[in-house]
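One letter stands for each residue in the lines below.
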Amino acid sequence: MRLAELSERSGVAIATIKYYLREGLLPPGRRVGATTADYDEGHLRRLRLVRAMIQVGQVPVARVRTVLAHVDDESLGRTMRLGAALWALPHEPGPAEGEGEGTDGAEGDGGDAVTAAARAEVDELLRTLDWSSARELGEISQVHRSLVAAVATLMRLGYPWDAALMAPYARLMHQVAVRDLDFVETFPSEAEKVETAVAATILFQPVLNALHRLAQEEESARRYGLE
């Protein structure tokens, strides 16, 4: 397809597509003339991914370029390729991350007693679930650090959030992860699998959050009635 058709099918303005091309977020088309090029379904798919990251995920252009470099890195196996791409996405810090540091006999930089207790509960959770990869990565993972920060915040606010309470939620989320990867594996190429995983991380999270809220509303009505 030519640039105009790519724009029409994607809903992205030609000027924006040209900007993505200049920034290296979209691979160049196949040259068919001095000023014209052809684009294919791969360009359309990549364009949708870029728009998902920038428009929905609010990911900065420089970070998008980093994510895409991992998506396209054929030297990596699937696990490393997928992990690198997802790790390159911005991660939200845990609620009030850093709050309370330097208290409770703290030594600063997350070394306070409450953070240490939260870290111990997260480690116990991972042992209970036998999530060996997550245990091995530990605090190298931003997601692990965010979970520790979130649990620490709950503890500081007086909620006794521990491994036993988290375990049923974690098992449910593992079922979600299984479905996520089952969906990813329906795509034929390695690049499409990784692209889909990145897009799903950004686009499915609002769906999961909304379903969680709806489920809470439904269960509340069933238990306590509508009055």
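Everything that follows concerns the structure shown earlier in this document.
Rules and cut-offs
Residues numbered from 1 in each chain as written. Predicted model: local features only at pLDDT ≥ 70, side-chain atom pairs only at ≥ 80, totals over all residues. Heavy atoms only, no water. Axes fitted to C-alpha atoms, helices over the stretch in contact; angles between N-to-C directions. Helix = DSSP H or I, 4+ residues; strand = E, 2+ residues; numbered from the N terminus. Parallel < 35°, antiparallel > 145°, perpendicular 65-115°, else oblique. Contact = heavy atoms within 4.5 Å. Nonpolar A, V, L, I, M, F, W, Y, C, P; charged D, E, K, R; others polar. Salt bridge = Lys/Arg side-chain N within 4 Å of Asp/Glu carboxyl O. Buried < 20%, exposed > 50% of the residue type's maximum accessible area, 1.4 Å probe, protein only. Left-handed = near helix turned anticlockwise from the far one by under 90°. Expected span 1.5 Å × (residues − 1). Polar contact = N/O pair within 3.5 Å; in protein donor to acceptor, adjacent residues only side chain to side chain. Phe/Tyr/Trp six-rings, centres within 6.5 Å; stacked < 30°, edge-to-face > 60°. Core = buried A, V, L, I, M, F, W, Y, C linked by side-chain atoms within 4.5 Å.

Undergrad: Provide a residue-level description of the packing of helix α2 (residues 14-22) against helix α3 (residues 41-56), including the pertinent values.
TA: How two helices pack is summed up by the angle between their axes together with the distance between the axes. Contact geometry of α2 with α3 gives a least axis separation of 12 Å together with a crossing angle of 90°. Classified by the interaxial angle, the pair formed by α2 and α3 is roughly perpendicular. Of α3, the residues touching α2 (which contributes Thr16, Ile17 and Tyr20) are Leu47, Val50, Arg51 and Ile54. Residues belonging to the contact of α2 with α3 are distributed by class as follows: five nonpolar, one polar and one charged.

Undergrad: Tell me what's going on with the pattern of salt bridges, and back it up with residues and numbers.
TA: Tallied over the full model, the rule gives 14 salt bridges. Arg65 is paired through a salt bridge with Glu23; the nearest N and O atoms lie 2.7 Å apart. One end of the pair, Arg65, is in helix α4 (residues 61-71); the other, Glu23, is in the loop between α2 and β1 (30-31), and 42 residues separate them in sequence. Notably, a salt bridge pairs Arg46 with Asp72, separated by 2.8 Å at the nearest N-O pair. Of this pair, Arg46 sits in helix α3 while Asp72 sits in the loop between α4 and α5 (78-88), and the two are 26 residues apart along the sequence. Judged by its relative accessible area of 40%, Asp72 falls in the partly exposed class. Through salt bridges with shared partners, one network takes in Arg45, Arg46, Asp72, Glu192 and Glu195.

Undergrad: Can you lay out the packing of helix α1 (residues 3-10) against α3 for me, pointing to particular residues and giving the numbers?
TA: Put simply, α1 and α3 touch, their axes get as near as 10 Å, and they point 45° apart. Between α1 and α3, the interaxial angle falls into the category oblique. Every pair of crossing elements has a handedness; the one defined by α1 and α3 is right-handed. Between α1, through Leu6, Arg9 and Ser10, and α3, the contact on the second element is made entirely by Glu41, His43, Leu44, Leu47 and Arg48.

Undergrad: Just give me the short version of helix α9 (residues 163-184), but keep the residues and values in it.
TA: Residues that lie three or four places apart on an α-helix share one face, since the helix turns once every 3.6 residues. Over its 22 residues, α9 extends 30 Å from the first C-alpha to the last, a length consistent with the 32 Å expected when each residue adds 1.5 Å. Considered for burial, the residues of α9 that qualify are Ala163, Met166, Ala167, Ala170 and Val184. Capping the start of α9 is the job of one residue whose side-chain oxygen sits 3.3 Å from the backbone nitrogen of Ala164: Asp162.

Undergrad: Pulling in residues and values, what's your account of helix α6 (residues 113-129)?
TA: The terminal C-alpha atoms of α6 lie 24 Å apart, and with 17 residues this matches the ideal 24 Å at 1.5 Å per residue to within 8%. The inward-facing, buried residues of α6 abut α7 (132-137), α8 (142-156) and α9. Taking the backbone nitrogen of Val114 as reference, a side-chain oxygen 3.0 Å away marks Asp112 as the first, capping residue of α6. With its phi angle positive at about 60°, Asp130 sits one or two positions after the end of α6.

Undergrad: How would you explain the packing of aromatic side chains if you had to name every residue and give the values?
TA: Centre-to-centre distance and the angle between the planes together describe a pair of aromatic rings. On inspection of all chains with the given rule, the structure shows four aromatic pairs. Judged by centre distance (5.4 Å) and plane angle (85°), the rings of Phe183 and Phe187 are edge-to-face. Aromatic side chains Phe183 and Phe204 sit 6.1 Å apart centroid to centroid with 45° between the ring planes, which places their arrangement in the tilted category. Residue Phe183 is found in helix α9, and its partner Phe204 is found in helix α10 (residues 190-224); the two are separated by 21 residues along the sequence. Through successive ring pairs, a cluster of aromatic residues spans Phe183, Phe187 and Phe204.

Undergrad: Could you give an account of the nonpolar core, with specific residues and numbers?
TA: By size, the foremost hydrophobic cluster in this structure holds 27 residues, and its most contacted members are Leu6, Met53, Val67 and Val198. Elements that contribute at least two residues to this core include exactly α1, α2, α3, α4, α5 and α10. Sort the elements by how many residues they give to this core and α3 lands first, with five residues. In this view, Leu6 contacts Met1, Ile17, Leu26, Tyr39, His43, Leu44 and Leu47; residues no more than four positions away in its chain are not counted.

Nothing here speaks to function; it is all geometry.
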